[in-house]
Each structure stands twice: as structure tokens, then as C-alpha cells.
Amino acid sequence: MVRHHLPPFLLATLALSLSDTSAFTTPNHHGSIPSTTRQSRSSSVALSVYRSPIMMPTQEPLVPYRAPGSTYDQFIGLQSRQLRDRKLWIARYIDEDAANSIISSLLYLQSESDKEDIKLYLNIPGANLRPALAIYDALAELKADGCKISTTNIALCAGMGALIAGAGTKGMRYSLPNARYLLQKTGMDQVFQGQATDIALEVRNIKKWNEKINGEISRVTGQSMERIDQDLKRDFYLSSEEAVRYGLIDEVLLPMPNKRQPPSEVGVDLGSFQSGNEQKYQGENPPPTEEQQGKPAAGMLRTTDDDDPKIAKA
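The following refers to the structure shown. For clarity, every value in this text was computed on a predicted model and none was experimentally measured.

A cluster of like negative charges, contributed by Asp114, Asp137, Glu141 and Asp145, occupies part of the molecular surface. The residue Glu141 is located in helix α5 (residues 129–144) in this model.

And the structure:
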């Protein structure tokens, strides 16, 4: 029996044609590449051009700061930089963690200097009762030690946030023109479940704390307890000027030379919209005439010669 041996190059070609994962694929009789090869190539191209999405920075912005006695600047967080200027931003819902951070910052500023003012910028959409009362008590303690505290409502102070806005030093409680206040009764911090007796005890406790909060609002605003009880039967919204009249704050910050006071009960005081000095704008005054340009001012030298350069004569 005679055996025929195939040449080596024919065996290699046959093996490559039978393999699906071959690195070398020859076109078929139609001149196209098999689908398996096209799919593998398209998937490899898709993976090679894939990019991760661009994300906005979530870290605290860094600003340059030069420490006293230093010869160079260093970058620190924006809130840390403002804290060095005794400015504290409270722009979040106040819970236990927020209260701990705020109170620790206040105590640090007091330890640095108990004679300089502390400026609070507020945007408080709400607060839990006990953490907010802890901040309120801390502010009262700082004022008792002689530290002056300025509060400025930049957007909204709701619930206990309105009480914190009014807890500043009298005469230093400010608000922006479009800021608002919301006074309301407090409720449960979370859902309470239990027996009927336990629920009755919790309701009695909430009623007691509402009376206490009304007393603090009356002390801050100067209003009577009867009016506070009547106003807080429903959500009680106040604009910045209404908050001044109510006694919650002292002044509305306005970008004007003469700041206007809140309107009275009789009429609306629109304030002063222009200063006493004469305002001159480009194109308002007509250009000088030829006679005005050629007329010399009093005490000036006269130039009457025609030679060039001109010689001034007294």
C-alpha cells in the first residue's frame, strides 16, 4: 500500500483554514472577510476608543493663602480660608453631624479671639430640634462671654434655622433682599411607633418643646406669647422686610448708597435711588464749541504770535 505525504505548506494552509481563531484569514471567493473576523475587529476597535465620562470636581476648591510671618503662599480649602477670616457658612440641613461641626468651629473661633466678631452666613432649609437647640445654646453662651455674632440670611432659614438667624447680636442680624424666613412648630424627628401610652408621652413631650420654642422666639423677636401662638398655628412665612418689622432681624442689606428701611404700615418707602452728587455719563454733556476751545482761561498765558513754535506772552 502506497501512502502519499502532503507537502508541509499544504498542511499549514489546511490547519489555518479550519481554525476560527486564526491570525491570518484569507478572503473567500466573494472577496469579503468572514463575519467572525469582522465582529472581533469591530469589538476591538470599540474597546480602544472607549473613554470614561468627564466628572466635575467634587472636592473643596483651593485658594492661595499666606500665613502670618510666611514669605510664600500655600493652597488651602475655601472654607478653611474663610474660617481664618472668622466667617462660617451654614448652608445645609442641620443634623447631629452638622451641629457637631458648627459648634466645634464656633468654639475654635472663640479660643482664637473672644473680642473679634464672628460672621455667620445662613442658608438652612430645615433642622432637627435637638441639634439646632445645641447650636442656639452655643451662640447664647458665646454672646454671654462678650463675643459679638453677626448673622446673614442669604436664601432661606426655615424652622429652627429662623431661630438661629435671630440668635445673633442685636443690631447685627442681617438679611439679603430676596431671602425668606419660615417659622413653624416642631414635630417628630423620625417616625415613632409603640403603645398608645408611649405615643401619648411623645406627643406631650413635643407639645412641651413647642411651648419652649415659642418662648425663645418671643424672647428673640420681642413679640408676645399670644401672638406667637396665633402666628405659628400654620406655616408662617416672612420676607426680609417683614422679618425686620416682626423683630426677627435688624436690617436688610441693599446695594444702594442710602439703605432704605422696611416700609411702614402706612406707605411704602422706596428709599433713595440716586446720590446727592451729580451723575455724569458719556455723551450726556455736549462737546465744547470753538469759542470755548479758543478762549483762554483766567490766569493763563496768551499766545498771539504766528511763528512756530509759539511763544507765550504774559
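On to the pattern of salt bridges. What the rule picks out here adds up to 7 salt bridges. Here Asp73 ties to Arg66 by a salt bridge, and the two come within 2.8 Å at their closest N and O atoms. Owing to a relative accessible area of 46%, Arg66 belongs among the partly exposed residues under this scheme. One salt bridge connects Arg92 with Asp95, and the closest N-O pair in it is separated by 3.8 Å.

A few words now on the pairing of strand β5 (residues 149–158). Taken across its 10 residues, β5 has 7 buried, putting it largely inside the fold. Once the chain exits strand β4 (residues 118–124) it traverses α5 before rejoining the sheet at β5, and the crossover so formed is right-handed. Bridging between β5 and strand β6 (residues 173–175) involves 3 bridges; their strand directions are parallel. Counted as the bridge partner of Thr151 is Arg173 from β6. One crossover worth recording links β5 to the parallel β6 by way of helix α6 (residues 160–165), and it is right-handed.

Okay, the packing of aromatic side chains next. How two aromatic rings sit relative to each other is given by the distance of their centres and the angle of their planes. For the structure on display, the rule yields 2 aromatic pairs. Seen in terms of ring centroids, Trp89 and Tyr121 are 5.0 Å apart; in terms of plane orientation they differ by 20 degrees. Their pairing is stacked. Placement of the pair is Trp89 in strand β3 (residues 87–90) and Tyr121 in strand β4, with a sequence separation of 32 residues. Judged by relative accessible area, which is 38%, Trp89 ranks as partly exposed. Seen in terms of ring centroids, Phe236 and Tyr246 are 5.3 Å apart; in terms of plane orientation they differ by 50 degrees. Their pairing is tilted. Remark: Tyr246 occurs in helix α9 (residues 240–246) and Phe236 occurs in strand β8 (residues 236–239); sequence separation between them is 10 residues. The residues Phe236 and Tyr246 share a single accessibility class, namely buried.

About the criteria used
- Chains are numbered independently. Their residues run from 1 in the order of the written sequence.
- Restriction of local features to residues with pLDDT of at least 70 applies here, the model being predicted, together with a cutoff of 80 or more for giving and counting side-chain atom pairs; totals for whole chains, interfaces and linings are based on all residues.
- Only hydrogens and water are set aside; all other atoms, that is, all heavy atoms of the structure, feed into the side-chain values.
- Patch membership requires over 30% relative accessible area and the absence of a salt bridge. Like charges are linked within 9 Å, and nonpolar side chains (Val, Leu, Ile, Met, Phe, Trp, Tyr) within 5 Å.
- For the area figures, the Shrake-Rupley method with a 1.4 Å probe applies, and any residue is considered shielded solely by the protein chains shown.
- Each salt bridge in this description consists of a side-chain nitrogen of Lys or Arg and a carboxyl oxygen of Asp or Glu lying within 4 Å of one another.
- Positive charges come from Lys and Arg, negative ones from Asp and Glu, while His and the chain ends are left out of the count.
- Each charge is placed at NZ for Lys, CZ for Arg, CG for Asp and CD for Glu.
- Secondary structure counts use DSSP, requiring at least four H or I residues in a row for a helix and at least two E residues in a row for a strand, with both numbered from the N terminus.
- When a residue's accessible area, from a 1.4 Å probe over protein chains only, is under 20% of the maximum for its type it is buried; when over 50% it is exposed; and in between it is partly exposed.
- Call a crossover right-handed when, viewed with both strands pointing away from you, the route from the first strand across the helix to the second goes clockwise.
- For two strands to pair, DSSP has to find at least two bridges joining them.
- A pair of Phe, Tyr and Trp rings is counted when the ring centres sit within 6.5 Å of each other, with Trp represented by its six-membered ring. The angle between the planes then sorts it: under 30 degrees is stacked, over 60 is edge-to-face, the rest tilted.

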